[in-house]
Each structure stands twice: as C-alpha cells, then as structure tokens.
Amino acid sequence: MPDNAAEVTAAGIARLAGVGRAAVSNWRRRHADFPKPVGGTETSPSFALADVERWLRAQGKLAEVPLRERVWQQVAGHPAGAVTALVHAGCALLLVRDRSSGWLELTAVSDERMTALLPTALEEVLTLRLGVERAVPTPHRADLAPSVPLLRAVTDLAAETGARQAFEFLLGRHLDANPRQYTLTPPGPAALMAELAGPAGTVLDPACGTGALLRAVAGATALYAQETDPDLAALTALRLALHSGAEVSARTGDTLRADAFPRLTADAVLCHPPFNERNWGHDELAYDPRWEYGFPARTESELAWVQHALARLRPGGTAVLLMPPAAASRRSGRRIRADLLRRGALRAVVALPAGAAPPYGIPLHLWVLRKPVAGASVSPELLLVDTAEHTDTGRDKLDWQAVHTAVLDAWAPFDRHGTVAERPGAHRSVPVIALLDDDVDLAPARHLPPP
C-alpha cells in the first residue's frame, strides 16, 4: 500500500456498506480474504480504504454510498490527519467558488501536474480573501500531493451541494467525531448573541473557536477572529470566508497576551471565552491599559475578557459575552462589576436555561455591554433577565424560539428607553444604586420577584 493511501476504521466500513459494526466484525472473522489492518491499534484497527472498497465490491456488499460520505471517508483517512485534509479541502473550495474557470483548468491535468500548479493558485485566492497576514498558510507542493484525489472528490461534492455547504458538512462531521477536543457554541445562543449585538459593520470574536458566533452575524462588512489553536484558527478562517462575503481577518495567537488587533475599534464584539482559566496572563499583564475598570484577580479570567471586549469597541459599540454564572457574584470580582455598573458599561445580564451551551449542566449567563460615549449620560438601570422557565430535560429539547422571544422582548424596549416594565420571574430593570452593595451580586434570580 502506498504510504499516502487513505485509511478507514471499522465504523467507516460499516457506513460504506450500510451495516452495523457487528457485521464488519463478523466479516473479519468469517472471510480469510478480508483486508488486513494497516494501522490503528489492536482494539481500533484501520484499513486501506481502496482495499476495503475492492473487497466490498467483489462481495456485492458495497452500498450506494452518498458522495459526501465517500468524501468524508477520504478526509477521515487522510495520511496527514483530518485537520490537514479539511484545510486543503477548504482552500480548494475557495478556489472552486471564487475562480471556477481556473479550477477547471487545474483539474484537467494529471495529478502530478495539478500538485505543481496548486500552490500558486491557492496563494492568490487565500491572499485575496484572507489577506497577506492570515491564519491559513499556503499549502506546500509536497503536502498537497496526497490530497489531490480528495480535492477532486471535494469538487464533485461542491458541484452537488455548493462550496459552503460541502465544507460545513465535512467540518461538522469532524467536530462531531471529536466532541471532547472542541468547545462549541451551539446555534441557539450564537444567534441570540448576534441579535443582542444588533446591526454591525465590523465584528470581532477574540476567542473564535469554530467561528459559530461570527457565522451567526448577518450583514457585516468585516469579520475579525483570533484563536490560540492554529488548526482551529485556519478552519475558522476558511469557514468564514466560504460563508460570508465580508472581509475576513483571522489570526492565530493568545488574545490576552498577544492581541492581533490592538488598534481595532469594532462595532460589535461577540465572545465565548474560556472559563475558569488561571493561566491567562495575570502576572505579566498587570499594567495593561485594557484594565480600565480594574485589574482582574487571577481567578477572574472572564472579567479580563470583558474588559478586552470593551477596549476593542468603538464608543457606543456593543459586546455580548457568554459567561459562567459565578462571574456575576464572586467576591473577587465585585469591584470591577461595580465600576462597570457605575460607568454604564454593563447593560444587561441574562440567565440562560441549563443545557444552552457547554458546560451543559450549568445555566450560563449572557452579559451585554456597551462602551460608554464621552459626555453621554449614564443609564441608571441594569436589565436582568431569567429564562429558567424554559428549561427542559436536555439541551436538544430547549425551546430556543421561546428563549429568544423572552430575552429580546425585554432587551428591545430596555435598549430604547433605558427601562422596561417588570415581569415577575422573567425580567426586571433594577436601579444600579440598588446593586452597589458589599456583594454587587448580579445574578438575575436574586433580584427578580417570583412569578
């Protein structure tokens, strides 16, 4: 078998043949000519995809597999790993979408010639869509060689579904296959956060993860993203470039320690920051100018992200952050919370139902912030919203439409008038002066009358 041949697991074989994994185990025991493992482990072996397909076809067991399933098997079995395969596929899909005639010329030649021509073509389209300084480096010729069969297949999938949909499918399968590797922001809270931020031309996500928050934004002209993980930053950059016609600037790096956009003044910031992070840069960032509302304690990494978001907003711009509920009441953060209230930067705290986003067992909060405008009056009230009544038995059963309605029905009038009529158990606008006690506890449940 060639060193760069794609491999497939027993689960992949089962999907190819349209059977359960037990059937694959039986075939291995009963048929002496079943392909031998070429990799993996004793408990989870992998097999050469080409050998498996030949055997299934000879046995009459190869089901009519959808094209997207075959392409996914090529991604999952790529010799350089699924992430590399996805990056190469995303680059090719950009080329397919933006320069279709050029791509057709590339695919008309031999695999060897195509490998030689691809780097130049990809460099041009990546620079055009993502800029010179970007999270997606141009793949080298040697790295692209094993990917050419995959890229040809991805082209067929794009013709069937569209370039964006093809990449979304492949990325979604990769995320589903590695649930513990990534912290995802589900579509429900992502859409709600984008609506709370309101219309915005330039939007930043300084901890972009898989790009779910920026993908939920409609009508933006420029999207800015930063992510510590280089692989994830590259996948997110390609995802956003394929999803939106906006200018996309995605960078790799630790945002708090090495901000990639220090002079940005965005219309909106959306962020699902890492929670309970002790090693966020407390010791080396003590005199950072971003701590306008107070230097966060080592245990208050979330309040560092809040202040970073405010620092990257234009005056009057809005930031929406997904926060752990403890950030609203921990004593170590009360001084910063108090200053955010006094200066009118914190506008609303929304308690989401448990199961809304990871960690799923905790009812997370949304903080809505607005960068103060010099000389403008400070709002004397804070909106508190509790959506606990919409809690169901699991995250897949949450009525997100009801949650959206409950939150936006309170936020819209409050945003216009600075106050809103109270609804017991659901929402209330509380005078800031009433919150500035020794605890500065902003948990909505503590201040809402029972329904």
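Residues numbered from 1 in each chain as written. Predicted model: local features only at pLDDT ≥ 70, side-chain atom pairs only at ≥ 80, totals over all residues. Heavy atoms only, no water.

Caption draft 1: Representation of the overall build of the protein chain within the structure. When helices and strands are tallied, the protein chain shows 18 helices and twelve strands. Its C-alpha radius of gyration of 25 Å places the protein chain within 12% of the 22 Å reference for a compact globule of 451 residues. With the principal axes as the frame, the protein chain shows a C-alpha extent of 75 × 45 × 40 Å. Each of the 451 residues in the protein chain was classed as buried or not, and the buried ones make up 54%. Accessible surface, the protein chain as shown: approximately 19800 Å² in total, 50% of it carbon and sulfur. (Helix = DSSP H or I, 4+ residues; strand = E, 2+ residues; numbered from the N terminus. Rg over C-alpha atoms; globule rule 2.2 N^0.38 Å. Buried < 20%, exposed > 50% of the residue type's maximum accessible area, 1.4 Å probe, protein only. Areas by Shrake-Rupley, 256 points an atom, 1.4 Å probe, with all protein chains shown as cover.)

Caption draft 2: Examining the packing of aromatic side chains more closely. Scanning the model with the defined rule gives seven aromatic pairs in all. Geometrically, the ring pair formed by Phe 34 and Phe 47 is edge-to-face, given 5.8 Å between the ring centres and 85° between the ring planes. Placement of the pair is Phe 34 in the loop between helix H2 (21-30) and strand S2 (39-40) and Phe 47 in strand S3 (residues 45-48), with a sequence separation of 13 residues. Here Phe 34 falls in the buried class, since its relative accessible area comes to 4%. Three or more aromatic residues link up through ring pairs in this structure, and these residues are Trp 27, Phe 34, Phe 47 and Trp 55. (Phe/Tyr/Trp six-rings, centres within 6.5 Å; stacked < 30°, edge-to-face > 60°.)

Caption draft 3: Here's a closer look at the side chain of Thr 236. You can see Thr 236 is positioned in helix H13 (residues 230-243). The exposure class of Thr 236 is buried, given its relative accessible area of 1%. When neighbours within four sequence positions are excluded, Thr 236 is seen to be in contact with Cys 208, Gly 209, Thr 210 and Gly 211. (Contact = heavy atoms within 4.5 Å.)

Caption draft 4: Structural context of the sheet that holds S2. As summarised here, the arrangement of the three strands in space is S1-S3-S2, forming an open sheet in which the pairing is antiparallel. Each having just a single partner strand, strand S1 (7-9) and S2 make up the two edges of the open sheet. Of the pairings in the sheet, the one linking S2 to S3 comprises two bridges and is antiparallel in character. In the strand pairing of S3, Gly 40 is matched with Pro 45. Packed onto the sheet, helix H3 (residues 49-59) meets S1 and S3 and runs at close to 75° relative to S3. (Pairing = 2+ DSSP bridges. Axes fitted to C-alpha atoms, helices over the stretch in contact; angles between N-to-C directions.)

Caption draft 5: Region of interest: the pattern of salt bridges. Enumeration over the complete set of coordinates arrives at 27 salt bridges. Two residues, Asp 439 and Arg 331, come together in a salt bridge whose shortest N-O distance is 2.9 Å. In this pair, Asp 439 is assigned in the loop between helix H17 (432-435) and helix H18 (444-447) and Arg 331 in the loop between strand S8 (313-323) and helix H15 (334-342), connecting sequence segments 108 residues apart. The exposure class of Arg 331 is partly exposed, given its relative accessible area of 46%. Each of Arg 331, Asp 439, Asp 441 and Arg 446 takes part in one network of salt bridges that share partners. (Salt bridge = Lys/Arg side-chain N within 4 Å of Asp/Glu carboxyl O.)

Caption draft 6: Molecular detail of unusual backbone geometry. Look at the link from Pro 358 to Pro 359: it is a cis peptide, with omega at -5°. Tracing the backbone shows Pro 359 in the loop between strand S9 (346-351) and strand S10 (365-370). Not every positive phi belongs to a glycine, and Asn 276 is a case in point at roughly 50°. One can find Asn 276 in the loop between strand S7 (266-271) and helix H14 (301-311). Phi is positive for Val 440, close to 45°, though the residue is something other than glycine. By secondary structure assignment, the location of Val 440 is in the loop between H17 and H18. On the basis of relative accessibility, which here comes to 3%, the residue Val 440 falls in the buried class.

Caption draft 7: A look at helix H11 (residues 187-197). Among the eleven residues of H11, eight are classified as buried, and the element is accordingly described as predominantly covered. The elements touched by buried residues of H11 are helix H12 (212-215), S7, S8, S10 and helix H16 (400-417). Following H11 by one or two positions, Gly 198 has its phi on the positive side, about 80°.

Caption draft 8: Expanded view of the sheet that holds S8. Strand order across the open sheet formed by nine strands is S6-S5-S4-S7-S8-S10-S9-S11-S12, with mixed pairing between neighbours. Unpaired on one side and paired on the other, strand S6 (247-252) and strand S12 (427-431) mark the two borders of the sheet. Along the sheet, successive strands turn relative to each other by an average axial angle of 15°, direction set aside. The sheet contact formed by strand S11 (residues 381-386) and S12 spans five bridges and is antiparallel. Paired with Leu 382 across the bridge in S12 is Val 430. Its contacts with the sheet place H11 against S7, S8 and S10, and it is angled at close to 160° to S8. Along the sheet face, H13 touches strand S5 (222-227) and S6 and points at about 175° away from the line of S6.

What is shown is where atoms sit, not what they do.
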